[in-house]
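Topology and contacts: notes
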Amino acid sequence: MDTTPDISRQEQLSIVIRIVNMEFENEMCDPQINEFFMDFINIESTTGFCLANVLIEQLQHYDIDLQNCRGQAYDNGRNMIGQYKGVQSRILNQNPRAFFTPCAAHNLNLLIKDAANSSTIALLFFGTVERIYSIFSSSTQRWDILKKHCNLLTVKKKERWESRLESVKSIRFQFKQLTDALKELFNTTTDGMFNSESQSLLKSISCYEFILKTDISLSENLLKGPMDFFEEYRENGFEKAKLEANILAKSAEVPQIFKLSRLRKKARMFNYESEDNSAADGETIFRTTFFIIIIDQALSSLNLRFNQFKIYNEKFGFLFHIGKLKEMEDDELMKNCKDLHIYLMDGEHKDIANYLRSTMSQTRLTGLSTISIEKDIAETINYDTLINGFANEKSRKKSF
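Residues numbered from 1 in each chain as written. Predicted model: local features only at pLDDT ≥ 70, side-chain atom pairs only at ≥ 80, totals over all residues. Heavy atoms only, no water.

1. Looking at the packing of helix H6 (residues 140-149) against helix H8 (residues 175-188)
Relative orientation of the contacting elements H6 and H8 amounts to 145°, with a least axis distance of 8 Å. For the crossing formed where H6 meets H8, the hand is right-handed. Residues Arg142, Ile145, Leu146, Lys148 and His149 of H6 pack against Gln177, Leu178, Asp180, Ala181, Glu184, Leu185 and Thr188 of H8. (Axes fitted to C-alpha atoms, helices over the stretch in contact; angles between N-to-C directions. Helix = DSSP H or I, 4+ residues; strand = E, 2+ residues; numbered from the N terminus. Left-handed = near helix turned anticlockwise from the far one by under 90°. Contact = heavy atoms within 4.5 Å.)

Next comes the structure, spelled out in structure tokens:
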């Protein structure tokens with residue numbers, strides 16, 4: 001379920017349903033997963049309350065029982081994933097077995113976005129990137145100047161700048177060409193506003209800190225990094241990024257120094273107050289106010305946004321690799337199966353029992369029920385004798 005405005009500026013809600021198609025008459029047939037587009041619905045509000053009500057009403061219109069739902073998947077908007085007022089929580093209140101799975105792709109995007117928004121220096125960096133796009137895209141003549149110098153990658157419009165690697169690639173790998181384009185724009189434009197803007201941008205990007213930010217932002221593992229990567233990158237990533245930035249700064253003839261802003265001293269009201277202990281140099285300030293902050297925020301967001309996947313792995317993880325079930329000890333396998341059985345229960349509703357009942361023959365159902373009910377008798381039976389008798393009856397060998 002997702003919303004998007006159409007050309008007439010009306011909000012359209014699309015609903016897609018995924019089903020597991022079971023062949024009840026053929027026990028040997030594998031289940032098939034099918035996905036169906038259901039409808040476009042014009043909505044006036046995108047709150048979790050409104051969207052949940054629309055979804056429930058549409059399911060009733062389709063004559064689909066909400067209690068048969070076993071999964072929800074939406075993007076990571078607050079109206080969808082909210083713990084108390086989101087669509088997923090309202091559906092879970094009516095059906096606890098409609099397990100919610102957040103979009104993994106959005107999780108990665110929003111993880112980087114959280115990290116970028118945690119630092120004012122990072123916000124300033126991505127704001128500068130947006131200004132570069134704006135100054136060139138607002139005129140065909142200025143865009144031609146950009147294309148003249150930057151022909152490998154095009155500066156892209158802002159769409160989750162903090163989350164998109166491509167938005168920084170065009171600057172990082174064409175830094176010298178971009179500065180040449182800004183210099184030509186400064187020397188050729190007759191518009192005072194754009195003349196001032198191009199000079200301001202050229203000054204903003206022609207510093208060592210900006211180059212270092214592009215290298216930190218372009219660490220590809222930041223988009224797919226597990227917890228251990230972030231922890232290792234927090235300790236050693238800054239020095240690695242500096243090495244890459246030094247090479248680029250040297251080729252662009254940018255001094256490899258950190259700017260040291262004037263420190264504001266706080267007035268002491270009493271003699272016993274200690275003096276402010278400030279960082280000794282610009283590099284330390286940059287590392288603590290930019291690098292450390294965004295990595296720590298990434299670690300925090302990683303725990304928060306991927307916690308749901310950890311829960312699913314604990315419950316369903318033993319089924320992810322079917323081949324390993326053969327190597328699993330009987331006690332461990334039985335424990336996992338019992339835990340899954342409990343997890344899929346909702347009062348008197350039992351998914352595993354219902355599934356087995358709907359896919360087995362009447363004879364098999366009766367036989368298994370008899371073994372379960374008459375457990376004491378079943379434990380006294382010699383199964384070796386039964387297996388040998390069954391094998392003799394089903395044997396295809398003929399004696400001549």
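Read on, since the account is not over.
2. As for the sheet that holds strand S2 (residues 11-21)
Working definition: the strands of a sheet are paired by backbone hydrogen bonds and lie parallel or antiparallel to each other. If you trace the 3 strands from one edge of the open sheet to the other, you get S1-S2-S3, paired in antiparallel fashion. Since the sheet does not close on itself, it has two edges, and those belong to strand S1 (2-5) and strand S3 (32-43), each with one partner. The average angle at which neighbouring strand axes cross in this sheet is 25°, direction not considered. The pairing of S1 with S2 spans 4 bridges and is antiparallel. Bridge pairing links proline 5 to glutamate 11 in S2. (Pairing = 2+ DSSP bridges.)

3. Some points on the environment of leucine 302
Within the secondary structure layout, leucine 302 lies in helix H12 (residues 282-305). Considered as a pair, leucine 302 and leucine 110 are 192 residues apart in the sequence and their alpha carbons are 9.8 Å apart.

4. Structural notes on helix H9 (residues 192-205)
Between its first and last C-alpha, H9 extends 20 Å over 14 residues, near the 20 Å set by a 1.5 Å rise per residue. Those residues of H9 that fall on the buried side of the exposure criterion are Phe194, Ser198, Leu201, Leu202 and Ile205. Buried residues in H9, looked at end-on, bunch into an arc of 100°, giving them a common side. Within H9, the exposed residues directed more than 90 degrees away from the buried face are Gly192, Met193 and Lys203. (Expected span 1.5 Å × (residues − 1). Buried < 20%, exposed > 50% of the residue type's maximum accessible area, 1.4 Å probe, protein only. Arc of directions from axis to C-beta.)

5. Structural notes on H6
By the burial criterion, the buried members of H6 are Arg142, Ile145, Leu146 and His149. Taken end-on, H6 shows its buried residues confined to a sector of 95°, consistent with a single buried face. In H6, the exposed positions that point more than 90 degrees away from the buried face belong to Thr140, Gln141, Asp144 and Lys148. Where H6 is buried, its residues meet helix H5 (120-137), H8 and H9.

6. With respect to the packing of aromatic side chains
Where two aromatic rings form a pair, the distance of their centres and the angle of their planes describe that pair. A full pass over the atoms with the stated rule returns 9 aromatic pairs. Considering the side-chain rings of phenylalanine 286 and phenylalanine 290, the 5.2 Å spacing of their centres and the 40° angle between planes classify their relative orientation as tilted. A residue pair is termed a helical-turn pair when its members lie 3 or 4 positions apart in one helix, as phenylalanine 286 and phenylalanine 290 do in helix H12 at 4 residues. The pair formed by phenylalanine 286 and phenylalanine 290 is uniform in burial state, with each residue classed as buried. One aromatic cluster is present, built from ring pairs that chain together Tyr233, Phe238, Phe286, Phe290 and Phe291. Taking NZ or CZ as reference, arginine 142 lies 3.6 Å from the ring centre of phenylalanine 194, over its face. Here arginine 172 stacks its cationic end above the ring of phenylalanine 173, 5.4 Å away from the centre of that ring. (Phe/Tyr/Trp six-rings, centres within 6.5 Å; stacked < 30°, edge-to-face > 60°. Lys NZ or Arg CZ within 6 Å of the ring centre and 35° of its normal.)

7. Let's talk about the environment of phenylalanine 100
For phenylalanine 100, the location among the structural elements is in strand S5 (residues 99-100). Along the primary structure phenylalanine 100 and valine 87 are separated by 13 residues, whereas in three dimensions their C-alpha atoms are 9.8 Å apart.

8. Here's the deal with the side chain of glutamine 72
Mapped onto the fold, glutamine 72 is located in strand S4 (residues 71-72). For glutamine 72, a relative accessible area of 5% translates into the label buried.

9. Structural notes on the pattern of salt bridges
Within the structure shown, the criterion is met by 8 salt bridges. In this structure, arginine 234 and aspartate 296 form a salt bridge, with 2.6 Å as the shortest nitrogen-oxygen distance. Separated by 62 residues along the polypeptide, arginine 234 in helix H11 (residues 227-251) and aspartate 296 in helix H12 bring together distant segments of the chain. Overall, aspartate 296 belongs to the partly exposed group, its relative accessible area being 31%. The residue lysine 335 makes a salt bridge to aspartate 339 at a minimum N-O spacing of 3.0 Å. You can see lysine 335 and its partner aspartate 339 sitting in helix H14 (residues 330-343), 4 residues apart, about one turn around the helix. Residue aspartate 339 is classed as partly exposed on the basis of its relative accessible area, which comes to 33%. Overlapping salt bridges, with partners in common, bring together Arg234, Glu235 and Asp296 in one network. (Salt bridge = Lys/Arg side-chain N within 4 Å of Asp/Glu carboxyl O.)

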